[in-house]
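What follows is the residue order along each chain.
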Amino acid sequence: MTRTSLAVLILVAICAALGAVVVVTMERTRAAAPPPNIVLVLTDDQAYRSTVKRMPWLHRHRRDFARFTHAYANNPLCCPARATILTGLYSHRTQVEDNSDGEKLDPGSTIATWLDGAGYETGLFGKYLNGYPFKGEPLVPAGWDRFSPFTTQAKYYDYKLLTGDHSKRYGSRHQDYSTRVIARRAGRFIRAAQPPFFAYVAPYGPHRRRSSELATPDFRDRHLFRHAQVELPSNFNRAAKGAPRWWKRLPPVSRRLVRRTMRAAWATLRSEDRLLRNLVRSLRRKGQLGRTIIVFASDNGYSFGSHRWIYKGCAYEECIHVPLMIRAPGVPARTVRAMVGNQDIAPTLAALAGVEHPPVDGRSLVPLIRGRGSGHAMLLHTEGMVPPYWGLRTKRWKFVKHKSGARELYRLSDDPGELQNLADREHRRVMRRLGERLARLRH
């Protein structure tokens, strides 16, 4: 062997050794990297259509987030949806199928217990589950280090929040507006908590008061959108052709009331927007913004008069379609058009935090955020507010089976307003195929 050849071999060996050292160092650095913080902001009854653009801070920074254009609620009611978000399980598996079922949730396995068991400092601020405290005792569920929920019915004014082992009453002063108070409490938690921490922040807005159907904006926002133009959708006050009898019998909704309701909801969202902005400021000042996952979502959508319905709970798009945005360190911001559900939020947070969890119905959205993978069909179900149903939402179709025996089938690619029910003999093969798929998801 010549001297030149020997020198080349030695050089190659040195480079290989250095490469191995670099790889090992990178792996050790990656393994030693601290887990990310998590801030989940969950609004109440926020419709998907034309609402994020009414939140100036979030709309301006939307390109910092992965934005899911087809995110859906399995059970579009407050309590079932929140139980699903906490557990990653469908509502018929949590047994929380109506707003009166909150005490049926087993709190022993939630995103809070998973993270708390992995060393996270956890805190909840705002709306937990409808009806809490169950049986009158404000017991702190497993997994929460700081637990500050509403202990009476969630409200904008004149409510109670749990503080330690007692409840604090708030009145009707401007500074008592519940979104302001929740923002202050969550901000203090973020500033004081030792990383890694998990803050679940759940304000009441833009929920409506059933007595008037109007949300209550913060005092400083009460005149916003007073004269804003409100465009009503093509399915406003229209029952689908061939819709079940219950929907056809609904009376028309007042156009004036719907426009007032939407303007009040938009104005109320300004306080939720400030809450989110202020939490981000707290993270930046703490030096933790760059290593914090931020999730913005709503528990369910809302129908502003579409299909003659002004509430939630229905299987139509207005009720089940929800905003979902995720900002994560090192994850590119993009628009994700794949179908996802609220049962996917908990396993996604666990995956981003590197925390193990028991089997759930949802799946991690991390591959989709990173530009890989595909979405999935969405199981739909409710037992409250409207006649009970089971349903399946795919990219092209929606199939709904009511307990009354009625069926609904919509080809969403051609009929986005769901105005032509195709549940007839001509489409029985499609219904059979979707029905079999629905049965597999249920069981």
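Sequence order sets the numbering: in each chain, residues are counted from 1 along the sequence as written. Whole-chain, interface and lining totals are the exception, using all residues; otherwise, since this is a predicted model, local features are given only for residues with pLDDT of at least 70 and side-chain atom pairs are given and counted only at 80 or more. Working from all heavy atoms in the structure, the side-chain values ignore hydrogens and water.

> Can you lay out the environment of Cys 79 for me, pointing to particular residues and giving the numbers?
Strands are runs of DSSP state E lasting at least 2 residues, helices are runs of H or I lasting at least 4, and numbering of each runs from the N terminus. Considering the arrangement of structural elements, one finds Cys 79 in helix H3 (residues 78-87). Among the residues examined, Cys 79 registers a relative accessible area of 0% and is labelled buried. For the pair Cys 79 and Ser 100, spaced 21 residues apart in sequence, the C-alpha separation works out to 7.7 Å. The buried label applies to any residue whose accessible area, calculated with a 1.4 Å probe on protein chains only, is under 20% of its type's maximum; exposed applies above 50%, and partly exposed to all values in between.

> Now, about the state of the cysteines: what can you tell me, with residues and values included?
Cysteine sulfur atoms are paired as a disulfide whenever they come within 2.5 Å of each other. Throughout the structure, instances matching the rule amount to 1 disulfide. Each disulfide pairs two cysteine sulfurs, and for Cys 314 the partner residue is Cys 319, the sulfurs being separated by 2.1 Å. Looking down the S-S bond of the Cys 314 and Cys 319 bridge, the torsion is 100°, so its handedness is right-handed. Judged by its relative accessible area of 0%, Cys 319 falls in the buried class. Free cysteine: Cys 78, not disulfide-bonded; nearest cysteine sulfur from Cys 79 at 8.2 Å. The exposure class of Cys 78 is buried, given its relative accessible area of 1%.

> Let's hear about helix H6 (residues 178-192): which residues, and what values?
It helps to recall that an α-helix has 3.6 residues per turn; residues three or four apart then point in one direction. Here H6 is 15 residues long and its end C-alpha atoms lie 21 Å apart, about the 21 Å a rise of 1.5 Å per residue gives. Along H6, the residues classified as buried are Ser 178, Thr 179, Val 181, Ile 182, Ala 183, Arg 185, Ala 186, Gly 187, Phe 189 and Ile 190. For a helix, the expected span equals 1.5 Å multiplied by the number of residues minus one.

> Please set out the sheet that holds strand S4 (residues 146-149) residue by residue, giving values where relevant.
In spatial order, the strands read S4-S3-S7-S1-S8-S9-S2-S10; together these 8 strands make up an open sheet with mixed pairing. Sheet topology places S4 and strand S10 (335-341) at the edges, where each strand pairs with a single neighbour. Adjacent strand axes in the sheet meet at a mean angle of 15° when their direction is disregarded. Should any heavy atoms of two residues lie within 4.5 Å, those residues are considered in contact. Helix axes use the C-alpha atoms of the stretch in contact, all axes being lines fitted to C-alpha atoms, and the angles between their N-to-C directions lie in the range 0 to 180 degrees. Contacting strand S1 (37-43), strand S8 (292-298), strand S9 (321-327) and S10, helix H10 (residues 345-353) runs over the sheet at an angle of about 175° to S8. Two strands pair if DSSP finds at least two bridges between them.

> If you had to explain the sheet that holds strand S14 (residues 407-411) to someone new, which residues and values would you point to?
The strand order across the open sheet built from 4 strands is S11-S12-S13-S14, with neighbouring strands paired in antiparallel fashion. This sheet does not close on itself; its edge strands, each paired only once, are strand S11 (378-382) and S14. The average angle at which neighbouring strand axes cross in this sheet is 10°, direction not considered. Pairing analysis gives 5 bridges linking strand S12 (residues 389-393) to strand S13 (residues 397-402), with the strands arranged antiparallel. In the sheet register, Gly 391 faces S13, and the bridge partner there is Val 400. Relative to S13, helix H12 (residues 428-442) is tilted by about 70°, and along the sheet it contacts S11, S12, S13 and S14.

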